[in-house]
Structure formats: C-alpha cells, structure tokens
Amino acid sequence: MDQHAATRRLKHLANTAGIRMPRMHPQMLRHTFVTTMLDAGVSLRDVQIAARHADPRTTMRYDRARKNLDRHPNYILAAYMASGT
C-alpha cells in the first residue's frame, strides 16, 4: 500500500464514521500515536523505536511538554539533590 492508497482508505473510513476533516492524511495517525505515547510517559527511546525514527530529535519534535521546565535536566538534578538521596 502506498501513501496515496493509505490516504484514500483513511478518508473513506473517516467518511464512513461521519468524521469530517478537510485535510485528512495518514501522518495524523502517526502523530497521534507518538504524542499519546509521550504524554503517557513512555520513554523517548521506546517511542523512537516504535515510530522507527533514526534520530531521537525527530521523536522529540512531537513532545508537547519538551519546554516544560520541570523536565529540564537542571531542575531534575536540583530536585534530586534537595531530596537528600
């Protein structure tokens, strides 16, 4: 199945389900999969493998929380040091 056949099939399935979107394409499913896994806390490496991305930076572009300072390495280190462990 090539990209065009996948797009036609997806549009047909969406139409049958009553979903109306002007620009439906298979990449939307891939994007939903990757963002859902990252939001669920699946490790970046595992999502990268599942998405078949060669470079982790490609996967990181999908991470909506990547600019959350709570996840910045400096804040993680400070929290670890503050906990006294």
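Everything discussed here concerns the structure shown above.
Here the structure is a predicted model, which means the values were calculated and not measured.

A. Highlighting the overall build of the protein. Within the protein one finds 5 helices and 0 strands. For the protein, the residues scored as buried account for 16% of the 85 residues in total. Here the contacts in the protein between residues at least 6 apart in sequence split such that 22% fall between residues at least 24 apart.

B. Looking closely at the nonpolar core. One finds V34, L38, V47, A51 and Y62 forming the largest nonpolar core, which totals 5 residues. Taken together, the elements giving at least two residues each to this core come down to α2 (26–39) and α3 (44–51). Ignoring any residue separated from it by four or fewer positions in sequence, one finds Y62 in contact with Q27, R30, H31, V34, T35, L38 and H53.

C. The arrangement of the packing of α2 against α3 in detail. One way to put it is that α2 packs onto α3 with a least axis distance of 10 Å and a crossing angle of 160 degrees. Compared by their axis directions, α2 and α3 come out roughly antiparallel. In this structure, the crossing between α2 and α3 has a hand that is right-handed. Two secondary-structure elements touch here, α2 through R30, F33, V34, M37 and L38 and α3 through L44, V47, A50 and A51. The residue inventory of the contact of α2 with α3, partitioned by class, reads 8 nonpolar, no polar and 1 charged.

D. Region of the structure containing the environment of Q27. With respect to the element layout, Q27 can be found in helix α2. According to the relative accessible area criterion, Q27 is partly exposed, its value standing at 37%. Each C-alpha atom of the pair Q27 and Q3 lies 9.7 Å from the other, and the pair is 24 residues apart in sequence.

E. Local environment of the pattern of salt bridges. Across all of its chains, the model carries 1 salt bridge by this definition. As a salt-bridge pair, R57 and D55 come within 2.6 Å of each other at their nearest N and O atoms. On the basis of relative accessible area, R57 is assigned to the exposed category, the value being 59%.

The rules we used
Residues numbered from 1 in each chain as written. Predicted model: local features only at pLDDT ≥ 70, side-chain atom pairs only at ≥ 80, totals over all residues. Heavy atoms only, no water. Helix = DSSP H or I, 4+ residues; strand = E, 2+ residues; numbered from the N terminus. Buried < 20%, exposed > 50% of the residue type's maximum accessible area, 1.4 Å probe, protein only. Contact = heavy atoms within 4.5 Å. Core = buried A, V, L, I, M, F, W, Y, C linked by side-chain atoms within 4.5 Å. Axes fitted to C-alpha atoms, helices over the stretch in contact; angles between N-to-C directions. Parallel < 35°, antiparallel > 145°, perpendicular 65-115°, else oblique. Left-handed = near helix turned anticlockwise from the far one by under 90°. Nonpolar A, V, L, I, M, F, W, Y, C, P; charged D, E, K, R; others polar. Salt bridge = Lys/Arg side-chain N within 4 Å of Asp/Glu carboxyl O.

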